[in-house]
Every structure is written in structure tokens, then in C-alpha cells.
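In case you want the letters, here they are:
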Amino acid sequence: MMLALTLALSLTANAAEVTWVGGGHAGNPQWSPDGSWLAFEVNNNSDKVDLYLVKVSNGNASSPQKLTIPGGSSSFTAGGSYAANPNWHPRGPVLFEAANPGGNTRIYFLSPGGSSPAEYLNITQAPGNLAWPTVSPDGATLAFTSSATGSGDVYQFSQATNKVAVTVGTALPENAPRFAPDSKTLVFSRKSQGTEDLFSWAPGATVQTSVKGGNGDQSRPRYAKNEIVYFTNERGDDRWDIAAIPTGGTERRILAQDIRLPLRSQPAVTPDQTAVLYTSSAPAKDSSVYVVKLDGSGTKEIKTGLSAVGDPAVVTAGGRTFLSFTALPNSGSDWRQLHILDVTGQI
Amino acid sequence: MTASRRLLPLLAALALTPLVAPPAHAGDVEKAEHTRIGEEMRKLAARNAWPAVEASFKRLEELEKKGEVITYKEFMLGAEAARALGDMTASRSRVERASKLDPTKEALDWLADVDSNFGKVEISFDNRYQGEKSLVPAVPPFAPDQRAAVAFAQAQIAAGASYTGLLPAGEYMVGESKVTVAVGEKLATLRVGPPAAAPKEPFKLAYVGPRAQLGVAFTAAGDVDDASLSAEGGLQAAAFGGSGARLGVGLEIGLSKTFGVIAEVGYHNLFGAPSQDGTPLAEREEYLTAGNNLHLGYGWLAGNLRFGDLWIAAGPIFSAGGGVVTGVDAGCAGGVCGEYDGLADDAAAYQRLDGDVRMGGGAASLSYALVDFGSLKGALTLEGGAQSDSYRMYPWGQVAFTIAPSASRRKE
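Residues numbered from 1 in each chain as written. Chains lettered and ligands numbered in written order. Predicted model: local features only at pLDDT ≥ 70, side-chain atom pairs only at ≥ 80, totals over all residues.

## Considering the environment of Ala379 of chain B
Residue and element names in this part refer to chain B. Structurally, Ala379 is set in strand 15 (residues 376-388). A count of 21 C-beta atoms within 10 Å places Ala379 in the buried class. Once the C-alpha coordinates of Ala379 and Leu310 are considered, the two residues, 69 residues apart in sequence, prove to be 8.9 Å apart. When residues no more than four places from it in sequence are discounted, the contact partners of Ala379 are Trp311, Ser367, Tyr368, Ala369, Leu370, Thr402 and Ala404. (Helix = DSSP H or I, 4+ residues; strand = E, 2+ residues; numbered from the N terminus. Buried ≥ 20, exposed ≤ 12 C-beta atoms within 10 Å, placed from the backbone. Contact = placed C-beta atoms within 7 Å.)

Right, dumping it as C-alpha cells:
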């Protein structure tokens, strides 16, 4: 099957659009820390999810590179492969979860522009299906979840010791770990009795600290300076909001309501971690990206001229600020495309 | 039977030959095996079973020796397997061979990636090296292929083997030695020799200090050896003896806590009453008599064994001095001693003789430390010796109080 992409850049409103032959929904774009690369997923809505890297220079994307994991060459395998959930190491490489058809989901590593992805932890070091890779801000520790015990547990790999150790292991499934700015504390979610709650873990602690429970799911947390921001559907299954709760606090505040839940990522925050980006699920508002300040000073709207805008991500590179997002054109396409927009001075 | 009849079975056999399946050629078997292994590799790779992929690739390499041609994709899978197992040298070699078959961007990028992150190193150990065989990167790498490469080399080195191949650029400690691996063609070499001998501790005396002793001694001058009498030697004193003082000062140097060397000089005398045939001349009241006396200076060099508070010393001693003695040795009575021939017995008995004496011999002492004086100890000593001036023996014994350095209070 020919999977080569034909990348075309066109301007829709002020956004450069990434399109390709072969179809598939673009999703979950994630900027490299220096803003020179963008990783994104392409889901063909049937049996596979591919991961691509595209080099971006001054807001202009070059030819994307499809990441093919070892043993996953198209000549060797049929459909059903999976590569998703990219997370960038602060010093450049990208880690992501991927599986060959019928194989375990494992964590892979790639230095952009380098050779093919390599399995990051072998089956001996970290058995089971691995997911939710995330690297500490100091780049020294990788946290992830593993199904080795039957339910998802949080593990950490230390670069210094070259060893993997379970961090949070319970009979309940834990998901979506993220490091605090101290590179040691973790926040994660746990499924229990049909809902998802947030917990944090600190080195040396024997128990995890409850961060937020309550109605509905509290999901995909991340730190933004001294707060934890997360998605919540406490108002109903299909009504997602973004909330923030101070580290160590108990009272959450809602930052935005009726947002479009990103495909797989945590809430997007600005590089200075002072604001959260989101898109709206309301048809009347779904053509814009919104930037809400964490200090409550207001919300800014960035109009795109597109429809069903989602998966926002923002980065600062070379003194400019670039916003990536997925969206449907107003007409003429069945697939969600990837866009890059220069929003310097607008956030 | 005619010739045509004899040929009939042969012709029949030849006619039937095309109907019988020919035996498989060896090349076909290898080709089939190649196909099977190739499929197996692909399935194993999809399951990330890299050790098994590596084993399969090695079987392909065996087939290659028999003429089979490894394909680009098989080389790349072999490279993936070697990379996953940390054998970056083999991995790079396979990618390079793949790139020669088909210089794809993937293969060329891979080579460039390896060459920009890894360097060549040769680490070996001297046979005399007995230290730790370990490889520790100064900064553990984060990239999985780099970590695997370090682990691969670590395993070889820990097993006692040398390692020649690729390692991520950076600094490493091998035992106590450092090696820096740089990207590029430059080979970093490290031959780990036996660890440098520990710096020799400068010799330190266990103890050193003054030594002194003071005591009373009994000294005897035995009978003259008749064989030593001669006219040139003149008259020789009869045997004599007496008590006196013996005192010495010196230095004791502890080469260890249990052994020291004593160098001592001192003064040793005796005072005694002259006698004849065991009867003191003073009792005869025929003549006025003067007492015998001997005054010696001595030097003693001895080794001293210390067993806690018990000390045993022994060594050579040399004394020199002079004295005055009453009485001529009876051996001179026959004229052996020259012009003094013919001395009457009484004259011989009351003859005053003076002269010098030099004697050598040995002395030994047994001391027991009783008291401490700061860095010194006080001990009770029994000492004795035997010396000769070539005419006679001079045995002596002494009870003394000795002060010597403490072996356990050496000041640094």
C-alpha cells in the first residue's frame, strides 16, 4: 500500500494547511520544545493510527516523515498498526507509544532527523503494554503506564540508574501521568467505580494524595506553574470543561465550559504556562481557538475561519508564536487537517 | 543373450527417468530455508522479539556463505535487532550493507545518526589486572540505542572480555581508568593495566627514646688460661672478683613495636678484697693489702624483643679500662711470665699489679616494665654477660632499674 504523503501548504484564513493524499484525520499535534518539529497523528478511521513528524521553519512545514516502528514496515505488515501520543523530551527527541498489528503497545524513541524509531524500554525492563510516556522537565526521568500487572500502573525509568521502578501500583487503572515542575512529583488519573479521579504522588510517599474527585471524570491532568489543569465532565458525559486546582488546594475553578475534548492530549498551555488553550464544542464557536488566562484576567479568541477546530497546541520559536490545531475546512473535505498559524502578539 | 537384449533394461530405465522426481539441489534447500527464515524474522520483529530476530539473522548469514543473498529489508531488520540488543557495531555494519544494496534515505539517515552519536573504542585488560572490570558512563545516555550499546559493552567487560566496537560519544570509567570516546573515525584505546601499587608508606620508627640503667653488679675475673701465659705477656693477676656499680645511657630505637635496637655506653666497676687460696689476705695480717678494683667503660649494641612489658635484649659488648689487683696468677710460678720468675708464694700473693684491659663478649638482659613515666617506662632488669680479654673470662651479673621508651606512646 502506498502511503507516501503529498504535502501541500495552502492558506485558509491565515493558517498554513497540511494536507495529504490518502486521507485520514490529523490529530494531537505536539510541538517540539524548540518549535522546529511538530508531531501529529493521522487516523484513517478504520484500522490504523500513524504518527508523523514534520519540520517547521518560521511557520512553514516541510515534508512530513511517517514514523515506522521496527518490524512495522508496510512490506511486512498489514493494517492495524498504531503509533500515537507523542511527547517531547526537553532536549529534542520524541517518545511515543506504538504497536505493530497484534503486538504489544510499547514506547518508542526517535531523534528527529535521525534513524528509525527504537523501542525505548525492552520487554525485560518493562513488560506489558506501555502507554502515556511523559518526560520530566529536567529530562532525567520517563514516566509511563504499564499493563504488566493487569491494570494500568505508573512506572518511572531513571536515566541515572537505567532502571524501571513502579511508582503507583494499585488494582485500579492509572493513566496519564505528568511531572510537576520539580521533575519529581507526578499527577495522574485513576479509574474507580466508573469515574476518573486525580491523584498526585511525591517521592517517598507511601500513598497517593487525592487531588480531585467528585462527579464525572477528572481527566488528563497537567501542571501549569502552581496549578493542575485538567478536563472534567462533572456536568454530564458529553459536556467537557477545563478546570484548574491549585497545587495542594481543594477548590477547583472552571476555566472554560463546553470545550472540544482533544483527541488524546492534556490541556494545552502556553509556553510561559500562564494560559490554557481550548476550542469549543458549540457549533457557533467552533471556528476559533480560545486562550484563557490562569490568573482570571480574561480570554482571547483567535479566529481561524475553519470549522470544528480542535487539538490546539502552541509554541514559541525564534521570537514568534505558532499555533497548531486541527480543523475541517468549511466545505469540500471529509478529513480533519493540520494547520499552523502565526499568532505572534495574539496570546 | 544378444547385445540388444542386454541393453533393453537400460533403455527402459532411461525412458522412465523423466517420470521420476529429481533429487532437490542444495541451492533449492537453502533458498527455501532463506524464505522461511525471512518470514520468521518479520513475524518476530512485529512482536519486538529482537533476540530471536538476531538469531534468525545469524542463520541468514550462514546461508549467505552458501550463496544466498541477504536482501535490503533483511539487513535492515538485522540492524534493528542488533541495535535493540546494543551491538551497534553489528547494527551499523548491517545498515551499511543494506545501503549498498539500496541507498535509501532511511539507511543513509541511520548511518549518519550512528556516526554522529557513536565513536570507536577498544578497551582491553592487562593479564595482571585484578581490579574491577566495569564500564560506567560519566553521563548515562537517554537514547535507548545508546543505553543498549553501553549495556552491551558493560556485559562483555563484566565477563572479563575486552571490548572493541562502538559506544556513544562521551567519557567512561573502566575500573579506575578513564577513556573518552569521540565521534568519528578516531579510535579511542584503553588498556587497563594493573592498578598502580599503593604508595609505600614511609618507614616510621615504632618508638625511639633514651635508655638508661643503673644497678649493682657482681663481676668476676676468672683464672688465667695457662696457654695464654708468656714472657711477653708478663705477670698476670690471679683470679679476682667483686661488686660494683654499673650504669649506662643510650638510645633505643623501635623498628617495630616488638623489636628495637639498643645502643648503650656506660661505666662498670668492681671492688673486691684480694685473697689467696680462698682466704682473704686481709685476714692474714702479715702485710698491708690494698683492694682489687677494676673500672671499665663499655659499649653495648643489642637487639631488644618486646612482649608487652617483658623485654629481652641481647647483643655484643666491648669494654675497656684498667684496674689494680693484688696477687699473681699461680700459672706464672714456673717462670712462664718472664722476668718475674722466682717470686715467692707470698710475694706473688701480695704483688700489686695494675694494667689495662680490653675485653669483648656478649650481654643479655631480661626486663619487666613496672611504671610509666610519660613516654618512658621504668623496668626491673636482670642482666648478665661474659667477656674475654684473651687471657681469662669476665662473667658478670647485674640487677638494675632501667628506663626505656614506651613502645605504645610514640609521638607522631
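So, next bit.
## Let's talk about the sheet that holds strand 23 (residues 253-256) of chain A
Residue and element names in this part refer to chain A. A sheet is described by the order of its strands in space; here four strands give the open sequence 20-21-22-23, paired in antiparallel fashion. Strands with a single pairing partner mark the edges of an open sheet, and in this sheet they are strand 20 (218-224) and strand 23. In this sheet, adjacent strand axes meet at a mean angle of 30 degrees when their direction is disregarded. As paired strands, strand 21 (residues 227-232) and strand 22 (residues 241-246) are joined by six bridges and run antiparallel to one another. (Pairing = 2+ DSSP bridges. Axes fitted to C-alpha atoms, helices over the stretch in contact; angles between N-to-C directions.)

## Re the packing of helix 4 (residues 72-85) of chain B against helix 5 (residues 88-101) of chain B
Residues and elements named next belong to chain B. Direction vectors running N to C along helix 4 and helix 5 enclose 165 degrees, while the axes themselves pass 8 Å from each other. In terms of their interaxial angle, helix 4 and helix 5 are classed as roughly antiparallel. For the pair helix 4 and helix 5, the crossing hand works out as left-handed. Two secondary-structure elements touch here, helix 4 through Tyr72, Phe75, Met76, Gly78, Ala79, Ala82 and Arg83 and helix 5 through Met88, Ala90, Ser91, Arg94, Val95, Arg97, Ala98 and Leu101. In terms of residue class, the contact of helix 4 with helix 5 is built from 10 nonpolar, two polar and three charged. (Parallel < 35°, antiparallel > 145°, perpendicular 65-115°, else oblique. Left-handed = near helix turned anticlockwise from the far one by under 90°. Nonpolar A, V, L, I, M, F, W, Y, C, P; charged D, E, K, R; others polar.)

## Examining the sheet that holds strand 14 (residues 352-373) of chain B
Residues and elements named next belong to chain B. If you trace the eight strands once around the closed barrel, you get 7-8-9-12-13-14-15-16, paired in antiparallel fashion. Strand-to-strand twist in this sheet, taken as the mean axis angle between neighbours without regard to direction, amounts to 20 degrees. As judged from the 13 bridges shared by strand 14 and strand 15, these two strands associate in the antiparallel manner. In the strand pairing of strand 15, Ser365 is matched with Glu383.

## Structural notes on unusual backbone geometry
Backbone geometry at Asn28 of chain A places phi at a positive 50 degrees, although glycine is not the residue there. Note that Asn28 of chain A resides in strand 3 (residues 25-31).

## Describing the environment of Leu261 of chain A
All names here are of chain A. Along the chain, Leu261 falls in the loop between strand 23 and strand 24 (268-269). Remark: the alpha-carbon pair of Leu261 and Gly310, spanning 49 residues in sequence, is separated by 7.7 Å. Excluding residues that lie within four positions of it along the chain, Leu261 makes contacts with Phe231 and Trp240.

## Some details on the interface of chain B and chain A
Opposite the 19 residues of chain B that make contact, chain A presents 28 residues. Residues of the side of chain B that touches chain A, tallied by class, amount to eight nonpolar, one polar and 10 charged.

## Overview of the nonpolar core
Counting residues in hydrophobic clusters, the biggest one holds 143 residues, and the most contacted among them are Tyr108 and Val276 of chain A. The greatest single-element share of this core, amounting to seven residues, is contributed by helix 4 of chain B. In contact with Tyr108 of chain A, not counting residues within four places along its chain, are Ile69, Leu95, Phe96, Ala98, Pro117, Ala118, Glu119 and Tyr120 of chain A. Counting residues in hydrophobic clusters, the runner-up holds 17 residues, among them Ala217, Ala221, Ala238 and Val357 of chain B. (Core = buried A, V, L, I, M, F, W, Y, C linked by C-beta atoms within 7 Å.)

## Brief notes about the pairing of strand 5 (residues 177-181) of chain B
Residues and elements named next belong to chain B. Across five bridges, the pairing between strand 4 (residues 170-174) and strand 5 is antiparallel. When the bridges of strand 5 are listed, Glu171 appears paired with Thr180. Between strand 4 and strand 5, which pair antiparallel in sequence order, lie two residues; one of them, Gly175, sits at a positive phi of approximately 60 degrees.

## Section: the packing of helix 3 (residues 50-65) of chain B against helix 4 of chain B
All names here are of chain B. The geometry of helix 3 relative to helix 4 is characterised by a closest axis approach of 8 Å and an angle of 135 degrees between their N-to-C directions. In this view, helix 3 runs oblique relative to helix 4, as classed from their interaxial angle. In this structure, helix 3 meets helix 4 at a crossing whose hand is left-handed. Contact residues: Trp50, Pro51, Val53, Glu54, Phe57 and Leu60 in helix 3; Glu74, Leu77, Gly78, Ala81, Ala82, Ala84 and Leu85 in helix 4. Of the residues assigned to the contact of helix 3 with helix 4, the class counts are 10 nonpolar, one polar and two charged.

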